[in-house]
Amino acid sequence: MTGMDRPRRLRRTPALRRLVAETTLEPRHLVLPMFVADGLEEPREIGSMPGVYQHSMDSLRKAAVEAVTAGVGGLMLFGVPKPEDKDATGSQASDPKGILNRGLRALADEVGDSTVVMADTCLDEFTDHGHCGVLAPNGAVDNDATLHRYIDMAISQAEAGADLLGTSGMMDGQVGAIRRGLDAVGRTDTGILAYAAKYASAFYGPFREAVGSSLEGDRRTYQQDPANRRESLRELELDLSEGADIVMVKPAMSYLDILRDVADRSTVPVAAYQISGEYAMITAAAQRGWIDRRGAVLESLTGIRRAGADIVLTYWATEAAHWLS
């Protein structure tokens, strides 16, 4: 048995394991996605995402303060309008009095520069058909007409206090169009978090409940095919050339190979989104006693970091930050 390699020597104690750990997970790496719903007086739990809420304006402020106090790196806000306020072009998305822009102002006022306020710059929550853009007469999403709406939305969000805009619609040219639109009105300091690789995933289901989606059909004509890998690198290169400040892969856990590819090639920070279905699976299994909840959550987040994410969007951000502090 002499001369045997013994890697276990460095696993013997917690102190040794901590000393040689190759991947770290800290509160600053985490971003909390949040939902603010119009007309709510009290927060409302999302049935398929136990522990996650559609917030009222008051509860949004309180949850934001808790997250910032715990040390999370940022907040990503999604707006949930009343059904009767949706229309074909998602007009409330760019309305300064719309729920998302009101929520952004509330966050900016409450937490200021103590965290990074991010906005979902997409129309799907606000359209009566549930798609991420404006529809052409034949029912297809009109890419170029949608870009004009994104510019209007981006300017409104920047004026409401967003530090970063999350371009999640997967329209061709969206990053460049929004960058030019922001610069034209003097918003040169507002950054773009580009969803460079966003796949048409079955794991988005709970999110659609969270935002009260009105989706008709699917989004396979603009979100990426889960079978494709090289395509994500083309999207990455385009977003970088158009001025993305941060790039993102979504979903995270089923696309760790994509995340690694993007991280190896990106010249800007890389984010990954641990999405609603990933949250729901771990939560459901833990509720049934099939897995250890805390262990599974931290392992999943560490795996996303290990694959190359500098930033992880996760619904466990605040709770995990408390665990890690």
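The structure under discussion appears in the preceding block.
Note that the structure is a prediction, hence the values are computed from the model and not measured.

Criteria and cut-off values
- Residues numbered from 1 in each chain as written.
- Predicted model: local features only at pLDDT ≥ 70, side-chain atom pairs only at ≥ 80, totals over all residues.
- Heavy atoms only, no water.
- Axes fitted to C-alpha atoms, helices over the stretch in contact; angles between N-to-C directions.
- Helix = DSSP H or I, 4+ residues; strand = E, 2+ residues; numbered from the N terminus.
- Left-handed = near helix turned anticlockwise from the far one by under 90°.
- Contact = heavy atoms within 4.5 Å.
- Nonpolar A, V, L, I, M, F, W, Y, C, P; charged D, E, K, R; others polar.
- Core = buried A, V, L, I, M, F, W, Y, C linked by side-chain atoms within 4.5 Å.
- Buried < 20%, exposed > 50% of the residue type's maximum accessible area, 1.4 Å probe, protein only.
- Pairing = 2+ DSSP bridges.
- Phe/Tyr/Trp six-rings, centres within 6.5 Å; stacked < 30°, edge-to-face > 60°.

**Student:** Would you take a moment to explain the packing of helix H7 (residues 230-242) against helix H8 (residues 256-265) for this structure?
**Tutor:** If you want to describe how two helices pack, look at the angle between their axes and the distance between the axes. H8 packs onto H7 with a crossing angle of 35 degrees between their chain directions and a minimal axis gap of 10 Å. As for how H7 packs across H8, the hand of that crossing is right-handed. For the pair H7 and H8, the contacting residues are Ser232, Leu233 and Leu236 in the first and Ile258, Asp261, Val262 and Arg265 in the second. For the contact of H7 with H8, the class distribution of residues is 4 nonpolar, 1 polar and 2 charged.

**Student:** How should I be thinking about the nonpolar core in this particular structure?
**Tutor:** General note: in soluble globular proteins, nonpolar side chains tend to be found buried as a group. Core analysis: the largest hydrophobic core is formed by 100 residues, its most contacted members being Phe35, Leu75 and Tyr273. Filtering out sequence-adjacent residues up to four positions away, Leu75 remains in contact with Val31, Leu32, Met34, Ala64, Ala67, Leu107, Val111, Thr115, Val116, Val117 and Met118.

**Student:** Even after reading the chapter, I still don't get the pairing of strand E1 (residues 30-37), so can you show me in this structure?
**Tutor:** The two faces of the sheet receive side chains in turn, since in a regular strand these alternate between them. In terms of burial, E1 is largely enclosed, as 8 of its 8 residues are buried. The alternating pattern of E1 places Leu30, Leu32, Met34 and Val36 on one face and Val31, Pro33, Phe35 and Ala37 on the opposite face, and all of these are buried. Looking at chain direction, E1 and strand E10 (residues 311-313) are connected through 2 bridges and run parallel. From the neighbouring strand, Leu30 faces E10, where its bridge partner is Val312.

**Student:** Just to check I follow, could you spell out the packing of aromatic side chains for this structure?
**Tutor:** For any pair of aromatic rings, geometry is given as the distance between the ring centres together with the angle between the planes. One pass over the structure, following the stated rule, counts 8 aromatic pairs. Arranged with centres 4.4 Å apart and planes meeting at 20 degrees, the rings of Tyr199 and Tyr255 form a pair that is stacked. In this pair, Tyr199 is assigned in the loop between strand E7 (191-198) and helix H6 (205-210) and Tyr255 in the loop between strand E8 (246-250) and H8, connecting sequence segments 56 residues apart. Summarising the burial analysis for this pair, Tyr199 and Tyr255 share the class buried. Note on Tyr279 and Tyr315: the rings are 5.9 Å apart at their centroids and 75 degrees apart in plane angle, and the pair reads as edge-to-face. One end of the pair, Tyr279, is in helix H9 (residues 276-287); the other, Tyr315, is in the loop between E10 and helix H11 (317-324), and 36 residues separate them in sequence. A relative accessible area of 4% places Tyr279 in the buried class. On the basis of relative accessibility, which here comes to 8%, the residue Tyr315 falls in the buried class.

What is shown is where atoms sit, not what they do.
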